[in-house]
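Per-entry structural report
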Amino acid sequence: MPRDTYSKRSLGTLARRLKESRVLLVGAGGIGCELLKNLLLSGFGEVHIIDLDTIDLSNLNRQFLFRFEHIKKSKALVAKEVAHKFQPSAKLEAYHANIKDSRFNVDWFANFDVVFNALDNLEARRHVNRMCLAADVPLIESGTTGFNGQVQVIKKGQTECYDCNSKEVPKSFPVCTIRSTPSQPIHCIVWAKSYLFPELFGISEDETPDFDNTEDSSNAEEIANLRKEAQALKEIRGSMGSPEFAQKVFGKVFKEDIDRLRGMEDMWKTRKAPEPLNFEKLQEESSSIESTVSCDDQKVWSLPEDFVVFKDSLDRLSKRLKTLLDTTKSDLKPILVFDKDDVDTLDFVTACANLRATIFGIDPKSKFDTKQMAGNIIPAIATTNAMTAGLCVLQALKVLKDDYAHAKMVFLERSGARALNSDSLKPPNPNCPVCSVAQGRVKIDPERATINDLVQDILRLQLGYGEELSLSNELGTIYDPDLEDNLPKKLSELGVINESLITVIDEEDNQPRVNLELVILTEKPEASTEDQKPITLEKVPQIPRKPRAPTPAVDEQVNGTSVPNSRKRDAEEAGLSNGEDRAKRIASVSVANGDGSNPIVLDDMQGGAILIDD
């Protein structure tokens with residue numbers, strides 16, 4: 001019996017539409033693995049998978065397509081290889097790349113029938129949202145946090161987009177970022193608290209059963225390297241209490257591991273490579289510093305001071321653990337657990353986080369700030385990922401039937417009477433800076449076109465803009481009335497390349513136009529002349545005015561006394577003013593993965609939460 005027999009019976013004529021469809025899956029992590037499996041078993045004929053990350057040991061407990069032998073390999077490439085077994089007749093393409101690369105432009109997105117977001121950071125999700133809107137391709141957005149999940153259907157001109165409701169910045173960070181490419185102090189704090197501390201004083205995450213390492217194994221070299229790395233800290237831990245212990249730990253995590261990261265040249269093409277630290281040099285620089293420096297928890301310690309606190313706290317913790325080992329008579333070996341109210345553990349985490357921050361050019365934090373930031377980790381729930389991925393496919397079936405009237409925003413919630421709740425899709429927010437915009441395309445000669453050419457020849461002469469306007473791209477604001485120094489600069493000097501997006505913001509006071517998003521197409525003429533304009537507009541776009549702000553409710557006058565309008569008051573008391581209740585509900589779930597992603601459990605604590613996405 002053919003594999004698609006039951007799907008044909010269930011879906012009818014839609015089964016053929018699925019087989020002929022071409023879909024894009026952005027992200028191959030917790031949700032992505034489940035979603036790829038669902039897409040293939042549902043009968044989707046062509047799936048393109050893109051993910052920048054490589055597989056880490058900590059991924060294996062919930063990203064079921066990956067095994068121990070896949071560690072260090074590309075998530076996208078391995079996902080393609082393993083998932084193909086679910087539907088050998090399907091066409092799969094995998095890209096180990098960043099979705100924000102210039103080759104994945106608007107025209108590339110336009111080749112797909114539907115796009116699925118299974119990402120782990122807000123910036124990338126917003127980028128995909130913008131590209132799908134520009135290409136007029138439907139997007140299925142998804143995310144999970146612990147037991148909660150959300151699925152949202154986004155269609156240009158018909159539904160709200162990802163940015164129609166403002167979202168507070170979440171405390172959510174990808175595990176791969178924490179382990180390899182930190183960019184914020186919190187990344188370093190979580191690394192010190194949830195990786196280095198357990199490795200030295202708790203339970204190592206690399207304690208795994210034996211696996212195939214025969215000569216026939218295609219991954220023998222990767223397995224050997226992983227075993228070597230896992231064994232290094234175990235051997236160092238065995239020297240605990242010796243005079244060389246601090247130097248061995250320091251050399252491993254602040255020198256050898258950093259040198260290994262620097263060897264991954266592709267990782268540092270667009271960012272500054274980390275700089276390893278030298279133990280002997282810091283030893284000399286810190287010779288006159290007292291260990292009591294750790295008592296000043298409001299001060300941001302200098303690098304030599306961090307070094308002193310690192311050695312001192314390491315010694316204190318080593319003695320504590322050794323005492324426990326000597327006095328414990330049970331078969332279970334005692335361990336130390338991080339506690340933000342424990343001076344020794346907090347000193348160690350603060351010092352190690354600051355040393356790592358220095359390596360990556362990140363600002364260090366005081367012990368007081370570190371204590372506030374080191375909170376609980378919301379666990380990743382594999383079942384939540386699986387349920388969310390299933391909901392994504394159900395909504396995609398409605399999208400492919402062009403049945404947006406029955407498509408829903410679905411919430412997966414542990415609390416309440418029902419695990420699944422849904423809300424009808426709302427129309428676009430007329431004030432959304434992303435989807436309620438006009439769009440246009442301009443062609444430029446990259447060697448001649450300047451900001452002045454764009455502002456004067458296109459925006460003011462052809463489109464009728466006034467004096468008050470600003471231009472921005474991925475680098476930020478590149479022109480406004482107070483930034484006229486950029487007028488003579490070439491667009492190429494300001495980060496504008498082929499398929500770049502420039503947003504034009506009308507800043508007139510009297511009912512300004514909606515934002516205009518220009519797609520820049522670079523075309524260098526074979527033989528340019530003075531008569532040829534360096535920048536031309538493909539087609540004059542329609543740029544409507546923004547809707548006028550609603551007139552504020554007028555308070556009623558009762559016997560000469562101002563009384564709030566009753567309808568306005570009733571709405572506020574019901575929690576429905578300006579749709580804030582719904583917006584907050586959406587934001588609270590949709591930012592959960594940062595990257596709507598899949599948080600990973602790193603330890604259990606009481607108190608506030610920091611989400612660690614994968």
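Quick summary incoming for the structure in this document. Since the structure is predicted, the reported quantities are computational estimates derived from the model, not experimental observations.

**Details of the packing of helix H8 (residues 185-201) against helix H12 (residues 303-327)**
Contact geometry for H8 and H12: axes closest at 11 Å, N-to-C directions at 45°. What the angle tells us is that H8 and H12 run oblique. Contacts from Phe197, Leu200 and Phe201 of H8 reach H12 at Leu314, Leu317, Ser318 and Leu321. Here the residues of the contact of H8 with H12 are counted per class, giving six nonpolar, one polar and no charged.

**A short note on the sheet that holds strand S5 (residues 139-145)**
With mixed pairing, eight strands are arranged side by side in an open sheet as S3-S2-S1-S4-S5-S6-S9-S10. Of all the strands in the sheet, just strand S3 (91-95) and strand S10 (420-424) have a single pairing partner and so form its edges. Each adjacent strand pair in this sheet contributes to an overall mean axis angle of 15°, direction not counted. Sheet analysis places strand S1 (residues 22-26) next to strand S4 (residues 114-117), joined by four bridges and oriented parallel. Of the residues in S4, the one forming a bridge with Leu24 is Val115. Along the sheet, helix H4 (residues 75-83) makes contact with strand S2 (46-50) and S3, crossing S3 at roughly 165°.

**Comments concerning the sheet that holds strand S15 (residues 516-522)**
Within the open sheet, the six strands sit side by side as S13-S12-S14-S15-S11-S16. Their pairing is mixed. This sheet does not close on itself; its edge strands, each paired only once, are strand S13 (476-479) and strand S16 (535-537). Neighbouring strand axes in the sheet, compared pairwise and without regard to direction, differ in orientation by 35° on average. The pairing of strand S12 (residues 469-473) with strand S14 (residues 500-506) spans four bridges and is classified as antiparallel. Opposite Ser472, over in S14, you have Thr503 as the bridge partner. Sitting on the sheet, helix H6 (residues 122-135) touches strand S11 (438-444), S14 and S15, and the angle it makes with S14 is about 85°.

**Remarks on the nonpolar core**
Membership of the largest hydrophobic core comes to 49 residues, with the highest contact counts inside it found for Phe201, Phe254, Phe310 and Phe348. When residues of this core are traced back to their parent elements, those giving at least two are H8, helix H9 (220-238), helix H10 (245-262), helix H11 (279-285), H12 and helix H13 (343-359). Other than its neighbours up to four places away in sequence, Phe348 contacts Leu196, Phe197, Leu200, Phe201, Phe310, Ser313, Leu314 and Leu317. One finds Ile31, Leu36, Phe66 and Ala83 within the second-largest nonpolar core, a separate group that totals 45 residues.

**Here we look at helix H16 (residues 451-462)**
For H16, the full list of buried residues reads Ile451, Asp453, Leu454, Val455, Ile458, Leu459 and Arg460. Next to the buried residues of H16 lie S11, S12, S13, S14, S15 and S16. Backbone geometry just downstream of H16 places Gly464 in the positive-phi region, at approximately 80°.

Cut-offs and rules
- Residues numbered from 1 in each chain as written.
- Predicted model: local features only at pLDDT ≥ 70, side-chain atom pairs only at ≥ 80, totals over all residues.
- Heavy atoms only, no water.
- Axes fitted to C-alpha atoms, helices over the stretch in contact; angles between N-to-C directions.
- Helix = DSSP H or I, 4+ residues; strand = E, 2+ residues; numbered from the N terminus.
- Parallel < 35°, antiparallel > 145°, perpendicular 65-115°, else oblique.
- Contact = heavy atoms within 4.5 Å.
- Nonpolar A, V, L, I, M, F, W, Y, C, P; charged D, E, K, R; others polar.
- Pairing = 2+ DSSP bridges.
- Core = buried A, V, L, I, M, F, W, Y, C linked by side-chain atoms within 4.5 Å.
- Buried < 20%, exposed > 50% of the residue type's maximum accessible area, 1.4 Å probe, protein only.

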